[in-house]
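Structural characterization, general
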Amino acid sequence: MERRLAAIVCADVAGYSRMMGTDEAGTHAAFKAHRSAIHPIILNHGGRVVKNTGDGFLLEFPSIVGATEAAIAMQTLMAERNDHLPADRAMQFRLGIHMGDVIADEDEVFGDDVNIAVRLESVASPGGFAISAKAYKEASKHLTVPLVDGGNHRFKNIKDPVGIWTWTPEGAPTRVPEAKEALSRTAIVGVLPFANLSDAQDEYFSDGLTEDLIHALSLQSFYRVLSRNSTFAFKGKNASTRLIAREIDATYLIQGSVRRAGAKIRVTAELIAPETGEQLWTGRYDRDIGDFFAMQDEITTSLSAAIATEIVRAEASAPARLTTDVTAWDRFLKGLSHYYRQTKEDLSAAVDLFREAIAVDPKLSIAHAYLATIQIQSIQFGWVKGTREMWSEAMSLAETSVRLDPRSSFAFSILSWAHAMEGHDEAAMDAAKRAVALNPYDMGARGVLGICHFVIGEHRQAIELFSMAAQRDNSDPRYQWAALNAFSHYLVHQYDATLSWAREQLYVNPHHMQALAIRAAALAQLGRTGEAIEATDVLMGNYPTLNVDRHLRNFHWKRPEDLAHYREGLLKAGVPLGKLTLVQSDVKRAAES
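This report concerns the structure included in the present document. Everything numeric here is computed off the predicted structure, so don't read it as measured data.

Scanning the chain from N- to C-terminus turns up 25 helices and 14 strands. Expressed as lengths along the three principal axes of its C-alpha atoms, the size of the chain is roughly 95 × 60 × 50 Å. Taken over 593 residues, the chain has a buried fraction of 55%. Surface exposure of the chain reaches about 26000 Å², of which carbon and sulfur atoms provide 51%.

Structural data, given as C-alpha cells:
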C-alpha cells in the first residue's frame with residue numbers, strides 16, 4: 001500500500017433505476033456507449049478509471065485542475081449526446097470532485113477523501129458537478145466557467161463539514177437552493193413491497209401488509225412517507241437500496257418479508273439508512289393466523305410503533321447539519337439529540353434549543369409539543385419545582401401545538417397529558433380520544449388515554465393500556481410507561497408488580513424521582529422495613545428537599561382514596577410529611593423497636 005495526493009471524481013447516473021425498470025437492456029447499452037464516449041476525455045486529462053459500478057464510475061487524476069476540466073468536458077459532451085434524445089431516455093451524470101491524501105492498494109484507492117467525493121456526488125445537479133471548497137480553491141484560477149457557492153454541508157460518516165461549489169451547464173437549473181433545503185428537511189420514508197416467501201397465492205398478504213404499514217406510518221407527523229405508487233414500482237426488481245433511495249429521494253427505507261407455514265405467519269422487517277447501508281432496526285413477528293384481519297392489524301400496529309420510534313431516534317442521533325442558513329428544524333433536531341440522553345443537563349440544553357427553534361419558526365408545531373413534554377417531565381422527575389407559571393406554559397405550548405397541527409396525534413396526546421396533570425379530566429379524555437382517532441397505531445396516544453383512566457381511578461383500564469404501550473413502544477422517552485405501570489399497580493394493591501415496574505424504570509433512569517418514591521411506598525406496604533428505609537434514603541439522597549406535602553401537590557387524582565393510599569405508603573416509608581416534620585415514621589419506629 002502507498003499514500004499519495006490525488007484528485008478523485010465520483011459519478012453516477014440520475015434516475016438510473018427508473019430507466020432500468022422501463023428498459024433494462026436499452027439502458028445498460030446506452031450507459032456503456034456513453035461511458036465509452038467519455039473515456040478519451042478521461043485519458044486526455046491524465047485520469048484513469050479506478051472502478052466501474054452498476055450506474056457510475058470512480059476516477060483518479062494526478063491534478064485537480066485536470067480533474068475539473070475533465071468533468072466540464074464530460075458533462076458538455078453528455079449534454080450534446082442527450083440533446084437529440086426524448087427526455088425519458090436522456091442519461092445525465094452527477095459528478096463529485098475532491099482532492100486529498102488517498103491510500104492506493106493494487107488498483108483501488110481508499111480513504112476519507114475518496115468518501116468525500118462520493119458524498120459530493122449526491123448533492124450535484126444532474127448534468128453538473130459539486131466540488132469541495134478545498135479542491136475549488138486549488139482549481140479556480142484555471143477554470144473558465146463560473147461556479148456557485150453552495151455553503152457548508154455536513155455529510156454522514158464525515159467528521160467535519162465540507163464547503164461545496166457547484167456547476168451546472170448553461171441553461172440548466174442550478175440545484176444549490178434545493179440542496180440546502182434537502183439538508184434541513186424532514187426525513188422521507190419509503191416502504192418497499194414486502195417479499196412473499198410462500199406460495200404465489202399468498203402474495204395478497206405481503207402486499208396488503210405493506211400497504212397497511214404505509215398507511216400507519218403516514219399518520220405520524222414527524223416525517224413524510226412515500227405513497228404506494230412510489231415504492232411498488234420496484235417490486236421484483238433487483239436494485240440496490242442505495243439506488244432505490246436516490247431514485248425516490250428517501251432518507252430511510254423499510255423492507256421485509258412474509259413467510260407462511262400452515263396456520264402460522266412469520267414477518268421480518270428492517271429499517272435501513274440506504275446511503276450508508278446501516279441497519280438501524282430489525283424485528284421479527286410470529287403469529288397464528290386465526291382471525292386474519294385482526295392478525296394483520298396487530299402486526300401492522302407492532303411494526304409501525306417500533307419503526308416510528310426508531311426513525312425519530314435515528315434523526316435525533318444524526319450528525320448536526322451545518323449550513324450557512326440554520327433552520328428551525330436544525331435547532332429542533334439538535335434539541336432532540338439532547339432530549340434522548342435523558343439527563344438533567346441534556347434536558348436543559350434541549351429546552352434552550354427548542355426555544356431557539358420556535359423563535360426561528362413560531363409555526364413549528366412539534367417543537368412546541370416537545371417543549372411542553374420536557375416541562376411536565378422535569379417537574380415529575382423532581383428536577384425543577386412545579387410552579388404555577390411552568391404548568392401554565394406547558395398547557396399553552398400544548399394548545400399551540402394542536403392549533404398549529406390539528407392532524408398530529410402527538411400534539412393532542414401532549415395536550416391530553418397536560419390536562420390530566422392539571423386535573424381537567426374531561427378535557428384530558430377528549431384530547432386523548434382525538435389523538436387515538438387521528439392515529440390508531442400511535443402507542444403513545446393509547447398510553448396517554450391510559451393516563452386519563454388512571455387519574456380518574458379506572459386503574460384496570462389504565463394497566464391494560466400502559467402494558468400495551470410498554471410492549472410495543474417501550475423505548476420512547478416521551479412516555480414513562482414503566483413508572484406509570486408502577487403507580488397503577490400500587491393503587492390496586494399489587495405491590496410486587498409495582499416493584500418490578502419501578503425497577504424497569506430505574507434501569508433507564510436511576511434518578512427517576514417518581515419511580516424511587518413509589519418503590520419506597522410499595523416496600524413499606526409490603527412490610528419490608530429495612531428495604532423501605534434504604535429506598536427512602538436513596539430517594540432523599542437524590543432529592544433532599546422532598547416532602548410528602550410538596551410531592552403530592554403535583555398529583556390531581558380524582559379519587560381521594562387513591563391519594564390517601566399513596567400518602568400512607570410514603571409516610572410509612574419515612575418520607576418527611578412537610579418541611580418541619582419531627583414525627584418519627586412508622587417504618588423507623590418498627591425498625592428500631
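Next up on the list: the pattern of salt bridges. Under the counting rule described, the total for this entry stands at 22 salt bridges. Asp286 is the salt-bridge partner of Arg266, the closest N and O atoms lying 2.7 Å from each other. Here Asp286 lies in strand β14 (residues 278-288) and Arg266 lies in strand β13 (residues 264-273), a separation of 20 residues in the sequence. Since its relative accessible area comes to 34%, Arg266 is described here as partly exposed. You can call Asp286 partly exposed: its relative accessible area is 40%. Note that Arg331 is salt-bridged to Glu356, the shortest N-O span being 3.3 Å. In this pair, Arg331 is assigned in helix α11 (residues 328-339) and Glu356 in helix α12 (residues 344-360), connecting sequence segments 25 residues apart. Note on Arg331: relative accessible area 19%, which makes it buried. Owing to a relative accessible area of 37%, Glu356 belongs among the partly exposed residues under this scheme.

A few words now on the packing of aromatic side chains. Overall, the coordinates contain 23 aromatic pairs when judged by the stated rule. Measuring from centroid to centroid gives 5.1 Å for Phe555 and Trp557, while their planes differ by 80°, and the two rings are edge-to-face. For Phe555, a relative accessible area of 10% corresponds to the buried category. According to the relative accessible area criterion, Trp557 is buried, its value standing at 10%. Aromatic ring contacts, followed pair by pair, group Phe454, Phe466, Tyr479, Trp481, Phe487, Tyr490, Tyr495, Phe555, Trp557 and Tyr566 into a single cluster. Above the ring of Phe232, the side-chain terminus of Arg228 is found at 3.9 Å from the ring centroid. Looking at Arg478, its charged tip hangs above the ring of Phe410, at a distance of 4.3 Å from the centre.

Next up on the list: unusual backbone geometry. A positive phi angle, near 55°, is found at Gln342, a position not held by glycine. Secondary-structure assignment places Gln342 in the loop between α11 and α12. Classification of Gln342 by relative accessible area gives buried; the value is 14%. The backbone phi angle of His493 is positive, close to 65°, even though this residue is not glycine.

Conventions and cut-offs
- All residue numbers refer to position in the chain's written sequence, counted from 1.
- Selection of residues for local features in this predicted model requires a pLDDT of at least 70, selection of side-chain atom pairs for listing and counting requires 80 or more, and totals for whole chains, interfaces and linings are taken over all residues.
- Processing note: side-chain calculations cover all non-hydrogen atoms of the structure and skip hydrogens and water entirely.
- Helix numbering and strand numbering both begin at the N terminus, where a helix is a DSSP run of H or I of at least 4 residues and a strand a DSSP run of E of at least 2.
- When accessible area is computed with a 1.4 Å probe and restricted to protein chains, residues below 20% of their type maximum are described as buried, those above 50% as exposed, and intermediate ones as partly exposed.
- Exposure was quantified through the Shrake-Rupley algorithm and a 1.4 Å probe, taking into account, for residues, occlusion by the shown protein chains and nothing else.
- What makes a salt bridge here is a side-chain nitrogen of Lys or Arg within 4 Å of a carboxyl oxygen of Asp or Glu, nothing more.
- Only centres within 6.5 Å qualify two rings of Phe, Tyr or Trp (six-membered ring in Trp) as a pair; their planes then separate them into stacked at under 30 degrees, edge-to-face at over 60, and tilted for everything else.
- Whether a charge sits over a ring depends on NZ of Lys or CZ of Arg being within 6 Å of the ring centre and within 35 degrees of the ring normal.

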